[in-house]
Amino acid sequence: MFTCEHLLFQSFLSRIQIWLNLLDPTVLIASNPEIEKAHSLLGSEEKSEKDAPALILALSSVHADSGAVLPLAFRPPALLPISAPLVVASFLPHTTVKPALFWQFMLQSYMVGFNYANRNSSSEPGKTTHLKQLILTVATVSYATCAGALPQIFINRLRIKSVPVQTFFRSILPVPLSAVLALFSVFTIRSEESETGIQVFDSNGNPVGFSKAAGEKAVRETALSRAALFGTTGAVPNLLLFLLRKTRLFQRNYLLATALHHMSLAFVLGLMIPISFSLFPQLGTIKRETLEEELQAAAVDGQLFYHRGV
C-alpha cells in the first residue's frame, strides 16, 4: 500500500520505486477537482489498496507544504516531457550564437520555474518581497542563459576551426557547465530558504520552529541532485557516441550517429530524473547539534525533520 509515510523513503531503491510511480505522466490529465479529492485522502486514517492511485495522484500534483495544486507544467511528472526536447536542443551543435541562446533561455527559464514551484514554501512569511524574488528570477535566467551558450560564443567569436578544439567546446565543456548551472539555479532561486529558514518538525509531526540550517541542507541536497541529473544526462550520451564512432557503421553514417545521440540524451534524462530525485529523502532529517540553539531542545530524539522540496 502506498501512503504518505513512504516519504521517509527508507532506502535508495525504495525511493526510486516510489518516484517511478509518482512520475507517471498519465496523472497529468487529472483535473483540479480530482486532485483535490485525492488530496483529501492523505489526511484520512482509513486507506485501502484501491486508494493507491488517488494517493499517487495527490503526492505528484500537490505541494507538500502549502497543499496547493502545482501548476501543470511544473509538476514532477511533467519534467521529462517538457524538458527533454529543451535539453536535446540545448546540446545541439549550433552554427550561430542566436539559436544557442534561445534554447538555453527556454531550458533555464523552465528549470527556474520548476525549482521555484517545487521549493520548500514554509519560510517565515513577509521576509522576502515579490520584487526581490522577481529580480532573482530574471538574474538567474539571464546569467544561466549566457553562461550556457558560452561554448558556442567562444567558437564563433574566436573563429575556431580546429576539430579537436571544437570537439572540446561542443562535447566536453557543456557537460560540467550544465551541471554547474543546474546547481547555480537551485541555490539562487531557493536562496530564501537559507536566509529565513524553513519549518522543522519533531518526530510526532508537530512544527517546532524555523531553521536556517535545515533550509541550507534542503537547498544543498536538491542542488546536488539537480547537478547529477544534468551532468550525467550530458556525459553518458557523449561517452556512448565516442565509443560508437570507433565502429565502421557509425564512421560511415554521420546522421545515424547524430540521431542516436539525440535519442540517448532523452533516454538518459528519463532514467536520471527518478534516480536524481531519489538521491536524498524528501522528508529530510537534521541532527540536534547542527540545529540552532533555540531548536535543539525540541529535538528530543536527537533530530528534527523537514521537507526538502524537489
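Residues numbered from 1 in each chain as written. Predicted model: local features only at pLDDT ≥ 70, side-chain atom pairs only at ≥ 80, totals over all residues. Heavy atoms only, no water.

- The chain is annotated in an unreviewed UniProt entry as Sideroflexin-4 of Solea senegalensis.
- Under the Subcellular location (unreviewed entry) heading, UniProt states for the chain: "Mitochondrion membrane". (UniProt positions renumbered as here; feature names shortened; annotations may be inferred.)

**Concerning a nonpolar patch on the surface**
Alright, step 1. There is a patch of nonpolar side chains on the surface, built from Leu131, Leu134, Ile135 and Val138 and spanning about 400 Å² of accessible area.
Alright, step 2. Position of Val138 among the secondary structure elements: in helix H6 (residues 130–148). (Patch = residues over 30% accessible without salt bridge, like charges linked within 9 Å, V, L, I, M, F, W, Y side chains within 5 Å. Areas by Shrake-Rupley, 256 points an atom, 1.4 Å probe, with all protein chains shown as cover. Salt bridge = Lys/Arg side-chain N within 4 Å of Asp/Glu carboxyl O. Helix = DSSP H or I, 4+ residues; strand = E, 2+ residues; numbered from the N terminus.)

**With respect to the UniProt feature "transmembrane region" (unreviewed entry) in the chain**
Alright, step 1. The UniProt entry lists residues 134–155, 167–189, 227–244 and 256–280 under the feature "transmembrane region" (unreviewed entry), expressed in the numbering used here.
Alright, step 2. Along residues 167–189 the backbone is 96% helical and 0% strand, and the end-to-end C-alpha distance reaches 32 Å.
Alright, step 3. Helix makes up 100% of residues 227–244 and strand 0%, whereas the separation of the span's terminal C-alpha atoms amounts to 26 Å.

**Some remarks on helix H9 (residues 174–189)**
Alright, step 1. Taking 1.5 Å as the rise per residue, H9 with 16 residues should run 22 Å; its terminal C-alpha atoms sit 22 Å apart, in good agreement.
Alright, step 2. Looking only at H9, the buried set comprises Pro174, Val175, Leu177, Ser178, Ala179, Leu181, Ala182, Ser185, Val186, Thr188 and Ile189. (Expected span 1.5 Å × (residues − 1). Buried < 20%, exposed > 50% of the residue type's maximum accessible area, 1.4 Å probe, protein only.)

**Description of the nonpolar core**
Nonpolar side chains in soluble globular proteins tend to end up buried together.
Alright, step 1. By size, the foremost hydrophobic cluster in this structure holds 37 residues, and its most contacted members are Leu79, Tyr110, Met111, Phe114, Phe230, Ile273 and Phe277.
Alright, step 2. Secondary structure elements with two or more residues in this core: helix H1 (12–22), helix H2 (32–40), helix H3 (52–61), helix H4 (79–90), helix H5 (97–117), helix H11 (212–244) and helix H13 (254–277).
Alright, step 3. Setting aside residues up to four positions removed in sequence, Met111 forms contacts with Leu79, Arg226 and Phe230.
Alright, step 4. Core analysis: the second largest hydrophobic core is formed by 11 residues, Ala213, Ala214, Ala218 and Leu291 among them. (Core = buried A, V, L, I, M, F, W, Y, C linked by side-chain atoms within 4.5 Å. Contact = heavy atoms within 4.5 Å.)

**Quick look at the packing of aromatic side chains**
Alright, step 1. Applying the stated criterion across every chain yields a total of 8 aromatic pairs.
Alright, step 2. Between Phe168 and Phe169, the aromatic rings sit 5.3 Å apart at their centres with planes inclined by 75 degrees, giving edge-to-face as the arrangement.
Alright, step 3. For Phe169, a relative accessible area of 12% puts it in the buried group.
Alright, step 4. Each residue in the set Trp19, Phe74, Tyr110, Phe114 and Phe277 is aromatic and connected to the rest through ring pairs, giving one cluster. (Phe/Tyr/Trp six-rings, centres within 6.5 Å; stacked < 30°, edge-to-face > 60°.)

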